[in-house]
Amino acid sequence: MSVTRIQPRRRFSFFEWKEIVEYRDLLYFLALRDIKLRYKQTSLGAVWVILQPLVPAVIFAVLFGNFARLPSNGQPYLLMVFTGLIPWGLFSNSIGRAGTSLVANSGLLSKIYFPRLIIPLASMGSVVVDGLVSLGVLVVLLALFGIGLGWHLLAAPFFLLAAFLMGLGLTLIVASLNVYHRDFGYAVPFALQAWNYLTPIVYSSSLIPERWQFLYSLNPTVGLIEGFRWSVLGGVPITVTMMASMLSGLVASLAIGMAVFQKIERGFADIV
Amino acid sequence: MTATSDIAVTVRSLGKSYKIDHLGLAEPPVEAAEGGSRRRWPWQGKGPRQRMSSEIFWALRDVDFEVPRGKVFGVIGRNGAGKSTLLKILSRITEPTTGMAEIRGRVGSLLEVGTGFHPELSGRENIYLNGTLLGMRRRQIDQVFDAIVDFAEVHRFIDTPVKRYSSGMYVRLAFAVAAHLEPDILIIDEVLAVGDLQFQKKCLGKMKDVTGQGRTVLFVSHSLSTVNSLCDTCMLLENGRVTQIGPTESVTASYFASSEETAGSLLDLTADPPGDRFCRMVGARMVDRSGESVSYAHIDREVGIEMTYELLDPSTGPVIPNFHFFTAGQCAFISSPLPQPPASSGRHQATVWLPARFLNEGTYSVNFAATTPIPQCCHFHVQDQFCFEVIEDLHDEARHGAVHKVPGAVRPQLDWSMR
């Protein structure tokens, strides 16, 4: 017989991962709901999942590759952009979609108990599915361009996981702060757009002048993108600075995210 | 003394406070307990205005009780007494500020039926989503899926989005999922107020099943008669504190006695008349044969209870008033008229005449309902808002010198023969 003790919680406690595992079916059905609702009443349905990363990739490739003739380290510009968009999509779409998830599901949170972490995690489900579809498109593109894969492909899952976890950390921060101040819901898209330009997605980081390289590499997402790009297309491996700032950004965002989320979690039903 | 394992729920000095400030924002209780003014932004400073603007409100304080396994435990009290806060803490939606509660077994809560239902999803998808939300595993839902569909009577529409369901089907499906989750401890808040009368009966039946299987139920309700018929033990909450715990009958009786202060023998509902689009109740009063309002009934005199209602749409069929008379928290009797009720739209009065020497001395409350038999529906049911007092002379010869209150719900003068 399970015994539940209800009492005021201590200031810091660890997440009850066991409970989240217990509720994994809920995670599945909530994620399924989000995915189903996303493409309900669209006639193209799943085709949008393919078009969403592909269309911008083509536009950027034509603009920057063909017209502006920006460097792409000898790789097809389209592939360079596309390999940038996959980890970036995983990271930024998480924040964009799951960042408002707590507020959007306040009806559930104020009526039924379940591990609250399930809500942002489930909202990230559709992002992960989109990412998997994009990977499929990438495989087709690689075949079309006749690009051979190397041993460094083994590092690709690591960079995707890093993108997911860094996205999760920031999602938790944004989703929590949104509960208190809805302003974040408005500010986040601008911040993400600015961040997008500071990250080598539609261009290569080799475009950045030598004397700014170090400062540029301190942006944790630079490592995410260049790392994934290298693991798929080969070329110049990422620098130690990029790797270090990526890992420290990852750890910091997860740690802060968890702490902020927990603080919000306890009083949530009283605020919303 | 009961062994610990026979106790399903233990609550010890449980309390919950909210900080209320002038904006009306409720701060989380953690901050509220720490008290004092908190600086939000550096430029806001710690002005005296902020210090003045918050006070701590205890929604629940020093609550202690135990619920033995397999018992149905009722919680009653007026609006704002802390009933819902208590259930929210026990179902872990919100955290207590002080004290602790220990729950042995899996908890299912029916705080609001149908939470998490999405209109775009089909009945099938909603059953799985709602079921897992209520803490079931997918495999468990597979097992009871057919029973849920049977109970809700939605076989033909199980793959239709629930936005196309009638409101009755929607509620039935939602309740069916909740009713089949088979927890050890069930927390219920006023769910029986949903659906039509027939469905309510079904739900009451299901609740009796649940308790028959040795499950523990925590039941919060305004309806004293439901509490009386379902609960073994009952707790009365007043302003966040427990004022009484004990056998249901005695607790409901004293709650009933305390409600005299708020309910009277004149009820005016014109500001917000309860009812549906066919018929609604406007008011009620106690009258004598000349049509004058009276404020109390004498045991020796006939008195009438008059309900004023408004028929908005007579197409629904005959609207039958029925009055439920309660005393000491128990239903004494129910009465409805035999003659055909008026069928024209507009205001009508229905008066039931209580003969002299029929009611006992004491306080009676009347619940007013208006129903249509076919198709069965209840237009309104106004509860615990009207009561009146029957008084008698202590020198009355029928008392034979007794000075205490004569027991009984009624005291009719009956024929006797003696040899």
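Enquirer: Would you explain the interface of chain B and chain A in this entry?
Expert: When the parts come together, some accessible area is lost, and that loss is often what is quoted as the size of the interface. With 48 residues of chain B at the contact, the number on the chain A side is 41 residues. With both sides pooled, the region where chain B packs onto chain A buries about 3,900 Å², and carbon together with sulfur makes up 57% of that total. Three residues stand out in chain B for area buried against chain A, namely B:Arg92, B:Glu95 and B:Leu133, and they jointly supply 18% of the buried area on that side. Linking chain B to chain A there are four salt bridges. B:Arg137 is the salt-bridge partner of A:Asp25, the closest N and O atoms lying 3.0 Å from each other. Summed over the shared surface of chain B and chain A, the number is seven residue pairs in polar contact (both at pLDDT 80 or more). Breaking the side of chain B that touches chain A down by element, the ones donating at least two residues are strand 1 (7–21), helix 1 (29–34), helix 3 (83–90), strand 5 (98–104) and helix 4 (123–133) of chain B. Looking at the side of chain B that touches chain A, the element that brings in the most residues is strand 5 of chain B, giving seven residues. The sheet contact formed by strand 1 (residues 3–6) of chain A and strand 5 of chain B spans four bridges and is antiparallel. Considered in strand 5 of chain B, the bridge of A:Thr4 is made with B:Ile103.

Enquirer: Explain the layout of surface pockets to me, please; I cannot follow it from the model alone.
Expert: A water-sized probe, rolled over the atoms, reveals where empty space remains. The computed volume of the largest pocket comes to approximately 1,300 Å³. Taken together, the residues that form the lining of the largest pocket break down as 19 nonpolar, 13 polar and 15 charged.

Enquirer: Even after reading the chapter, I still don't get the environment of B:Val227, so can you show me in this structure?
Expert: Residues and elements named next belong to chain B. Topologically, Val-227 is positioned in helix 8 (residues 224–230). On the basis of relative accessibility, which here comes to 0%, the residue Val-227 falls in the buried class. Leaving out residues up to four positions away in the same chain, Val-227 has contacts with Ile-76, Phe-219, Ser-221, Cys-234, Thr-248 and Thr-252.

Enquirer: Can you help me understand unusual backbone geometry in this one?
Expert: Glycine aside, residues mostly have negative phi angles, and peptide bonds mostly take the trans form. Residues and elements named next belong to chain B. Even without being glycine, Arg-92 reaches a positive phi, approximately 65 degrees. Residue position: Arg-92 is located in the loop between helix 3 and strand 5. The phi torsion at Asn-239 lies on the positive side, around 50 degrees, for a residue other than glycine. By the element assignment, Asn-239 lies in the loop between strand 9 (233–238) and strand 10 (241–247). Taking relative accessible area as the criterion, Asn-239 reaches 69% and is therefore assigned exposed.

Enquirer: Explanation requested: the packing of aromatic side chains in the structure shown.
Expert: Two descriptors summarise a pair of aromatic rings, namely the distance from one centre to the other and the angle between the planes of the rings. Residues and elements named next belong to chain B. Summed over the entire model, instances satisfying the criterion amount to 18 aromatic pairs over all chains. Measuring from ring centre to ring centre gives 4.6 Å for Phe-325 and Phe-333, while their planes differ by 15 degrees; the resulting arrangement is stacked. Of the two residues examined, Phe-325 and Phe-333, each falls in the buried class. With a centroid separation of 5.3 Å and 75 degrees between ring planes, the pair formed by Phe-368 and Phe-386 is classed as edge-to-face.

Enquirer: What's the story with the pattern of salt bridges in this structure? I'm lost.
Expert: Should their charged atoms come close, side chains of opposite charge can pair. In total, this model carries 17 salt bridges over all chains according to the counting rule given. For B:Arg104, the salt bridge goes to B:Glu102, with nearest N and O atoms at 2.7 Å. Of the two residues examined, B:Arg104 and B:Glu102, each falls in the buried class. Each member of the salt-bridge network shares a partner with another, and the members are A:Arg5, B:Glu102 and B:Arg104.

Enquirer: Explain the pairing of strand 16 (residues 330–335) of chain B here, please?
Expert: Residues and elements named next belong to chain B. As paired strands, strand 15 (residues 320–327) and strand 16 are joined by five bridges and run antiparallel to one another. Looking across to strand 16, one finds that His-324 is bridged to Ile-334. Counted between consecutive antiparallel strands, the loop separating strand 15 from strand 16 contains two residues, among which Ala-328 sits at a positive phi close to 55 degrees.

What counts and what doesn't
Residues numbered from 1 in each chain as written. Chains lettered and ligands numbered in written order. Predicted model: local features only at pLDDT ≥ 70, side-chain atom pairs only at ≥ 80, totals over all residues. Heavy atoms only, no water. Contact = heavy atoms within 4.5 Å. Buried area = accessible area lost by both parts, 1.4 Å probe. Salt bridge = Lys/Arg side-chain N within 4 Å of Asp/Glu carboxyl O. Polar contact = N/O pair within 3.5 Å; in protein donor to acceptor, adjacent residues only side chain to side chain. Helix = DSSP H or I, 4+ residues; strand = E, 2+ residues; numbered from the N terminus. Pairing = 2+ DSSP bridges. 1 Å grid on protein atoms, 1.4 Å probe; cavity = no way out; pocket = protein on both sides within 12 Å on 5 of 7 lines; lining within 4 Å. Points joined across faces, edges and corners; volume = space filled by probe spheres on them. Nonpolar A, V, L, I, M, F, W, Y, C, P; charged D, E, K, R; others polar. Buried < 20%, exposed > 50% of the residue type's maximum accessible area, 1.4 Å probe, protein only. Phe/Tyr/Trp six-rings, centres within 6.5 Å; stacked < 30°, edge-to-face > 60°.

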